[in-house]
Amino acid sequence: MEKFTIRPARREDAPAIGRGVVMALGAELPLDMVGGDPARLPLVDRLFTELAASDNAQYSWNNTLVAEAEDGTTAGILVSYDGARLHELRRAFIAAARDILNWYINEAELADETEPGEIYLDSLAVFPEYRGHGLGALLIEAAARHHASVAKPLGLLCDPGNPRAHALYERLGFRDIGRRPFSTHLMHHMHRR
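A brief structural summary. (Residues numbered from 1 in each chain as written. Predicted model: local features only at pLDDT ≥ 70, side-chain atom pairs only at ≥ 80, totals over all residues. Heavy atoms only, no water.)

**A few points about the packing of helix α3 (residues 41-53) against helix α4 (residues 86-101)**
Orientation of α3 relative to α4, taken along the N-to-C sense of each, is 145°, at an axis distance of 10 Å. In this structure, the crossing between α3 and α4 has a hand that is right-handed. For the pair α3 and α4, the contacting residues are Leu43, Val44, Arg46, Leu47, Phe48, Glu50 and Leu51 in the first and Ala92, Phe93, Ala96, Ala97, Ile100 and Leu101 in the second. Tallied by class, residues from the contact of α3 with α4 come to eleven nonpolar, no polar and two charged. (Axes fitted to C-alpha atoms, helices over the stretch in contact; angles between N-to-C directions. Helix = DSSP H or I, 4+ residues; strand = E, 2+ residues; numbered from the N terminus. Left-handed = near helix turned anticlockwise from the far one by under 90°. Contact = heavy atoms within 4.5 Å. Nonpolar A, V, L, I, M, F, W, Y, C, P; charged D, E, K, R; others polar.)

Here it is in structure tokens:
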């Protein structure tokens, strides 16, 4: 059985973080971000890699835990932050989306994906070659320890079309507390105290 090390990310992890965030978004949303043009998808990778390399963005290396395999290869990532910082952190995404994708976002029209009363598990990705080893659960438990000093529940969104993820989150103690919009989808909003 492969052993993994979970550690805080470093700036040089930005390409792996960017890859993980794009994976966590699924296939549909990145394509929507480039107006349905598959030839422009590398711009989405660039967007999230640049955000991961920045110091103060939702997807920053500062907000990320990295899972490494025994050979030092990145096996997965988890981006998490205090939901009270969403608007502050989201500014970098809005500016980069404009500059890189020529996508103009009106922040007032964006629904909040998190809330001030939670630590938000924003993006969880286990790279395909490392799936089936319980790494998603290890990353979530590491995030719980990482944020333990903050007296807020862990929160996340789960796509209703992903029952395997929903079952994993329930097994880890998350419970549905309602629905919350993310992009054009209504997602399960889940908490763990």
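**Overview of the sheet that holds strand β3 (residues 74-82)**
A sheet is described by the order of its strands in space; here seven strands give the open sequence β1-β2-β3-β4-β5-β7-β6, paired in mixed fashion. Where the open sheet ends on each side, the last strands, each with one partner, are β1 (4-8) and β6 (175-182). Shown here is a sheet whose adjacent strand axes are inclined to one another by a mean of 30°, direction ignored. Bridge count between β1 and strand β2 (residues 64-69): five bridges; the pairing is antiparallel. Paired with Ile6 across the two strands is Ala67, which belongs to β2. (Pairing = 2+ DSSP bridges.)

Don't take any of this as a statement about function, it's just geometry.
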